[in-house]
Amino acid sequence: MRAFLLIVFFMLAGCNESVESATSPNLTPEQVSLGFFSAIYVNRDVAEAKRFVDAPMQEVLGHYHIAASVQRHMLNLSMTDVELEIEEIDIDFFRKFTDDVTVKVKLKGLRGGQPWLDDRTVRLNKRGKNWVIVEIMTEKRAANG
C-alpha cells in the first residue's frame, strides 16, 4: 500500500510540474514586460495581461475589466496602433543574482489620432524561476519625444 501511495505521489508531482511549466514558461524580464504591454495595448486582453503580474495587481486589473480602462486609469495613457520596444533595463551580466529589476518600455502609436511617443517603467520581482510585474512606476516627466 505504501508503494502504491508513493507511486501516485510521484506521478501527481510530475504532472503538476509539467502543467506549471507549460502555462508559465521561464520568461526574461524583457519578455514579461513586453507581454504585459502587448496584452493591454495590442491584443486588448486583460486576462492575458494578468499572467504577467503578481496577485495584488491581478485584482486591480480584474477591477477594470477591459483594456481601455486599464490604459486610462492604471497606466494614464490611452493609445491605439501601438508598437513596443524595450528602452532600458537596469540589469545585465548579474541577472542571475538579482531578484528585483526595472524595465522601461517605449510605446509608439496614436493618442487622440496624433502620433505619440511615451514610455512606462515597471518593476519586476523574481518568484521562483519566473519574473512578475509588481509595480508600474509613476512617470517623473512629460513624454512625447
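Residues numbered from 1 in each chain as written. Predicted model: local features only at pLDDT ≥ 70, side-chain atom pairs only at ≥ 80, totals over all residues. Heavy atoms only, no water.

Undergrad: Would you take a moment to explain the packing of helix 4 (residues 55-64) against helix 5 (residues 67-74) for this structure?
TA: Two measures define how a pair of helices packs: the angle their axes make with one another and the distance between the axes. Closest axis-to-axis distance for the helix 4/helix 5 pair is 8 Å, and the angle between their directions is 115 degrees. Pair helix 4 / helix 5 crosses with right-handed handedness. Contacts between helix 4 and helix 5 involve Met-57, Val-60, Leu-61 and Tyr-64 from the first element and Ser-69, Val-70, His-73 and Met-74 from the second. Its residues placed into classes, the contact of helix 4 with helix 5 shows six nonpolar, two polar and no charged. (Axes fitted to C-alpha atoms, helices over the stretch in contact; angles between N-to-C directions. Helix = DSSP H or I, 4+ residues; strand = E, 2+ residues; numbered from the N terminus. Left-handed = near helix turned anticlockwise from the far one by under 90°. Contact = heavy atoms within 4.5 Å. Nonpolar A, V, L, I, M, F, W, Y, C, P; charged D, E, K, R; others polar.)

Undergrad: Can you help me understand the sheet that holds strand 2 (residues 100-111) in this one?
TA: Hydrogen bonding along the main chain pairs the strands of a sheet, whether they run parallel or antiparallel. Strand order in the open sheet formed by four strands is 1-2-3-4, and the pairing between neighbours is antiparallel. Because the sheet does not close on itself, it has two edges, and the strands there are strand 1 (80-89) and strand 4 (130-136). Neighbour-to-neighbour, the strand axes of this sheet turn through a mean angle of 35 degrees, independent of strand direction. Pairing of strand 1 with strand 2, which is carried by seven bridges, proceeds in the antiparallel orientation. By the bridge assignment for strand 2, Ile-89 is matched with Val-103. (Pairing = 2+ DSSP bridges.)

Undergrad: Explain the packing of aromatic side chains to me, please; I cannot follow it from the model alone.
TA: The relation between two aromatic rings is expressed through the spacing of the ring centres and the mutual angle of the planes. For the structure on display, the rule yields two aromatic pairs. Here Phe-36 and Phe-37 contribute two aromatic rings whose centre-to-centre distance is 5.2 Å and whose plane-to-plane angle is 80 degrees, an arrangement assigned as edge-to-face. Per residue, the accessibility class of Phe-36 equals that of Phe-37, and both read buried. Here Phe-37 and Tyr-41 contribute two aromatic rings whose centre-to-centre distance is 6.5 Å and whose plane-to-plane angle is 20 degrees, an arrangement assigned as stacked. (Phe/Tyr/Trp six-rings, centres within 6.5 Å; stacked < 30°, edge-to-face > 60°. Buried < 20%, exposed > 50% of the residue type's maximum accessible area, 1.4 Å probe, protein only.)

Undergrad: Honestly, the nonpolar core in this entry has me stumped. Any pointers?
TA: Nonpolar side chains in soluble globular proteins tend to end up buried together. Grouped together as the largest cluster of nonpolar side chains are 27 residues, with contacts concentrated most on Phe-36, Phe-37, Tyr-41 and Ile-133. Broken down by secondary-structure element, the contributors of at least two residues to this core are helix 2 (29-42), helix 3 (46-50), helix 4, helix 5, strand 2, strand 3 (114-127) and strand 4. Sorting elements by how many residues they give to this core places helix 2 first, with six residues. (Core = buried A, V, L, I, M, F, W, Y, C linked by side-chain atoms within 4.5 Å.)

Undergrad: Please explain the pattern of salt bridges as it appears in this structure.
TA: For side chains of opposite charge, pairing can occur when their charged atoms come near one another. Tallied over the full model, the rule gives three salt bridges. In this structure, the salt-bridge partner of Arg-123 is Asp-100, at a minimum N-O distance of 3.1 Å. Separated by 23 residues along the polypeptide, Arg-123 in strand 3 and Asp-100 in strand 2 bring together distant segments of the chain. Taking relative accessible area as the criterion, Asp-100 reaches 35% and is therefore assigned partly exposed. (Salt bridge = Lys/Arg side-chain N within 4 Å of Asp/Glu carboxyl O.)

Undergrad: Please explain unusual backbone geometry as it appears in this structure.
TA: Most of the time, phi is negative for any residue but glycine, and the peptide bond is trans. Positive phi, normally seen in glycine, also occurs at Asn-76, with a value near 60 degrees. Tracing the chain through its elements places Asn-76 in the loop between helix 5 and strand 1. A relative accessible area of 58% places Asn-76 in the exposed class. Positive phi, close to 50 degrees, is recorded for Asp-81, a residue that is not glycine.

Undergrad: What exactly am I supposed to notice about the environment of Leu-117 here?
TA: Residue position: Leu-117 is located in strand 3. Between the C-alpha atom of Leu-117 and that of Glu-83, which follows or precedes it by 34 residues, the distance is 9.7 Å.

Undergrad: Would you take a moment to explain the confidence of the model for the protein chain for this structure?
TA: Interpretation of this model should avoid reading the predicted coordinates in detail wherever pLDDT is low. Put simply, the protein chain has an average pLDDT of 83, and 76% of its residues get 70 or more. Taken element by element, the predicted model of the protein chain shows its lowest mean pLDDT in helix 1 (residues 2-23) (44) and its highest in helix 3 (97). Note that residues 15-23 has pLDDT below 50 and, in this model, zero contacts with residues that lie over four places away or in other chains. (pLDDT = per-residue confidence, 0-100.)

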